[in-house]
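Summary of structural features
Next come the chains, spelled out residue by residue.
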Amino acid sequence: MQNNLIVVLGPTACGKTTFAAHLAYKIDGEIISGDSRQVYRDMTIGTGKDLADYIVDGKQIPYHLVDICEAGEKYNVYRFQNDFQEAFLDITSRGKTPILCGGTGLYIEAVLKNYRHTSVPPDKELRASLESKSLEELTEILAQYKSLHNTTDTDTKTRAIRSIEIEKFYAENPIDESEMLDLKPLVIGLDIERDLRREKITRRLNARFEEGMVEEVQKLLDRGISAEDLIYYGLEYKYLTLYATGNMTFDQMKAELEIAIHQFAKRQMTWFRGMERRGTHIEWIDAALPMEEKLDKVLALMA
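Keep in mind the model is a prediction, meaning the values are calculated, not measured.

Here we look at a negative patch on the surface
There is a patch of like negative charges on the surface, built from Asp191, Asp286, Glu293 and Asp296. Here Asp191 lies in strand β7 (residues 185–191). Residue Asp191 is classed as partly exposed on the basis of its relative accessible area of 30%.

Some points on the side chain of Thr17
Following the sequence through the fold, Thr17 ends up in helix α1 (residues 16–27). Classification of Thr17 by relative accessible area gives buried; the value is 17%. Setting aside anything within four residues of it in sequence, one finds Thr17 in contact with Asp53, Tyr54 and Cys101.

Focus on the packing of aromatic side chains
Throughout the structure, instances matching the rule amount to 9 aromatic pairs. A ring pair is formed by Tyr40 and Tyr233, whose centres lie 4.6 Å apart and whose planes are at 50°; its orientation type is tilted. On the criterion of sequence distance, the pair formed by Tyr40 in the loop between β2 (29–33) and β3 (55–56) and Tyr233 in the loop between α9 (227–232) and α10 (235–244) is long-range, its members being 193 residues apart. For the pair Tyr40 and Tyr233, one class covers both residues: buried. Their ring planes at 75° and their centres at 5.6 Å tell us that Tyr243 and Phe250 sit as a pair that is edge-to-face. In this structure an aromatic cluster arises from ring pairing among Tyr75, Phe80, Phe84, Phe88 and Tyr107. In this structure, Lys74 is placed above the aromatic ring of Tyr232, and the distance from its NZ or CZ to the ring centre is 4.5 Å. We note Arg273 situated over the ring of Trp284; from NZ or CZ to the ring centre the distance is 4.6 Å.

Focus: the packing of helix α3 (residues 105–112) against helix α11 (residues 250–277)
Interhelical geometry of α3 versus α11 gives an angle of 20° and a closest axis separation of 10 Å. Taken together, the axes of α3 and α11 lie roughly parallel to each other. Two packed elements cross with a definite hand, and for α3 against α11 that hand is right-handed. For the pair formed by α3 and α11, the contact residues are Gly105, Leu106, Ile108, Glu109 and Leu112 on the first element and Trp271, Phe272 and Met275 on the second. By residue class, the composition of the contact of α3 with α11 is 6 nonpolar, 1 polar and 1 charged.

So, unusual backbone geometry
Phi at Ala13 takes a positive value of approximately 75°, unusual for a residue other than glycine. Relative to the assigned elements, Ala13 resides in the loop between β1 (5–9) and α1. At Asp57, a residue that is not glycine, the phi angle is positive and equals roughly 50°. Relative to the elements of secondary structure, Asp57 occurs in the loop between β3 and β4 (59–60). What makes Asp57 exposed here is its relative accessible area of 67%.

Some words on the environment of Gly189
With respect to the secondary-structure elements, Gly189 resides in strand β7. For Gly189, a relative accessible area of 0% translates into the label buried. A C-alpha to C-alpha distance of 5.8 Å links Gly189 and Glu283, two positions 94 residues apart in sequence. Those residues in contact with Gly189 that lie beyond four places of it in its chain are Leu9, Ile282, Glu283, Trp284 and Ile285.

Describing the sheet that holds strand β6 (residues 97–102)
Within a beta sheet, neighbouring strands are joined by backbone hydrogen bonds and run either parallel or antiparallel to one another. On the basis of which strands lie adjacent, the open sheet formed by 6 strands has the order β5-β2-β6-β1-β7-β8 and parallel pairing. The outermost strands of the open sheet, each flanked by one partner alone, are β5 (63–64) and β8 (283–286). Where β1 lies against β6, 4 bridges are found, and the strand directions are parallel. Considered in β6, the bridge of Val8 is made with Cys101.

Digging into the nonpolar core
By size, the foremost hydrophobic cluster in this structure holds 53 residues, and its most contacted members are Phe84 and Leu100. Elements represented by at least two residues in this core include exactly β1, α2 (77–93), α3, α7 (194–211), α8 (213–222), α10 and α11. Residue contributions to this core peak at 8 residues, all from α11. Those residues in contact with Leu100 that sit more than four places away from it in its chain are Leu5, Ile6, Val7, Val8, Ile32, Ser33, Gly34, Phe80, Phe84, Ile108 and Val111. Core analysis: the second largest hydrophobic core is formed by 26 residues, Leu186, Ile188, Ile192 and Leu295 among them.

Thresholds applied
Residues numbered from 1 in each chain as written. Predicted model: local features only at pLDDT ≥ 70, side-chain atom pairs only at ≥ 80, totals over all residues. Heavy atoms only, no water. Patch = residues over 30% accessible without salt bridge, like charges linked within 9 Å, V, L, I, M, F, W, Y side chains within 5 Å. Areas by Shrake-Rupley, 256 points an atom, 1.4 Å probe, with all protein chains shown as cover. Salt bridge = Lys/Arg side-chain N within 4 Å of Asp/Glu carboxyl O. Lys, Arg positive; Asp, Glu negative; His and termini not counted. Charge placed at Lys NZ, Arg CZ, Asp CG, Glu CD. Helix = DSSP H or I, 4+ residues; strand = E, 2+ residues; numbered from the N terminus. Buried < 20%, exposed > 50% of the residue type's maximum accessible area, 1.4 Å probe, protein only. Contact = heavy atoms within 4.5 Å. Phe/Tyr/Trp six-rings, centres within 6.5 Å; stacked < 30°, edge-to-face > 60°. Lys NZ or Arg CZ within 6 Å of the ring centre and 35° of its normal. Axes fitted to C-alpha atoms, helices over the stretch in contact; angles between N-to-C directions. Parallel < 35°, antiparallel > 145°, perpendicular 65-115°, else oblique. Left-handed = near helix turned anticlockwise from the far one by under 90°. Nonpolar A, V, L, I, M, F, W, Y, C, P; charged D, E, K, R; others polar. Pairing = 2+ DSSP bridges. Core = buried A, V, L, I, M, F, W, Y, C linked by side-chain atoms within 4.5 Å.

Listed below in structure tokens is the structure:
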């Protein structure tokens, strides 16, 4: 097979996990979760882990990077890149095919583009020496480190100083190219029509309330995890925590949460379209097609 990694991405509620599990069943693969919140234990309903989806025709499909952190921790893209690399090497060493499945565009793109996976520490001395310089001077300094293809690194002094800090660190700590994975990915996007997506989001949200999502959040609070930490995780955990702490009525919480999830799905699609503009080729498949038809399309692309 020409590809050593299959990626399944798409907005929330498009059926990524179910499809990836069926694909893994077909090709003897294992799934690596590309979701920034499913790493947390005891945050199951709110993050939509849907662990039953990993069972296909009675077979448990192996999955990785789910339930690897305690609720309350702060996971990030640097940790994900390292954890992904470990999982990828483990899966391929056993002759299996890794399937990266998720909707966190930053995490997926960081892997596909081999972004540097070292968290750059603050350099207080450097910051102090740059603080008095103008934005134009900072732009000139940054240009000595790299070509400036966009203006986002220099739209404010704070961003420019941080960009210089990062580039200086990389210059003094060059990356070991031998440590980078040689990925040959096939990237599959599940494209779901807007009205169907909205319908599925609403239906799934109602199901999660019935499954005990409110109680899940209350248990986390009762265990001593701070409201601030839960709100940090966003979406379900933000709104359910505001409800649990008396800052919202149930109806207000539910209505605002549903709107927020719809907005989140739009942002996901914006990110994926941006990935295409930045050079990632995505093979889009209609999520509404029957499972076997979707699988046949991917298997044909893999041939």
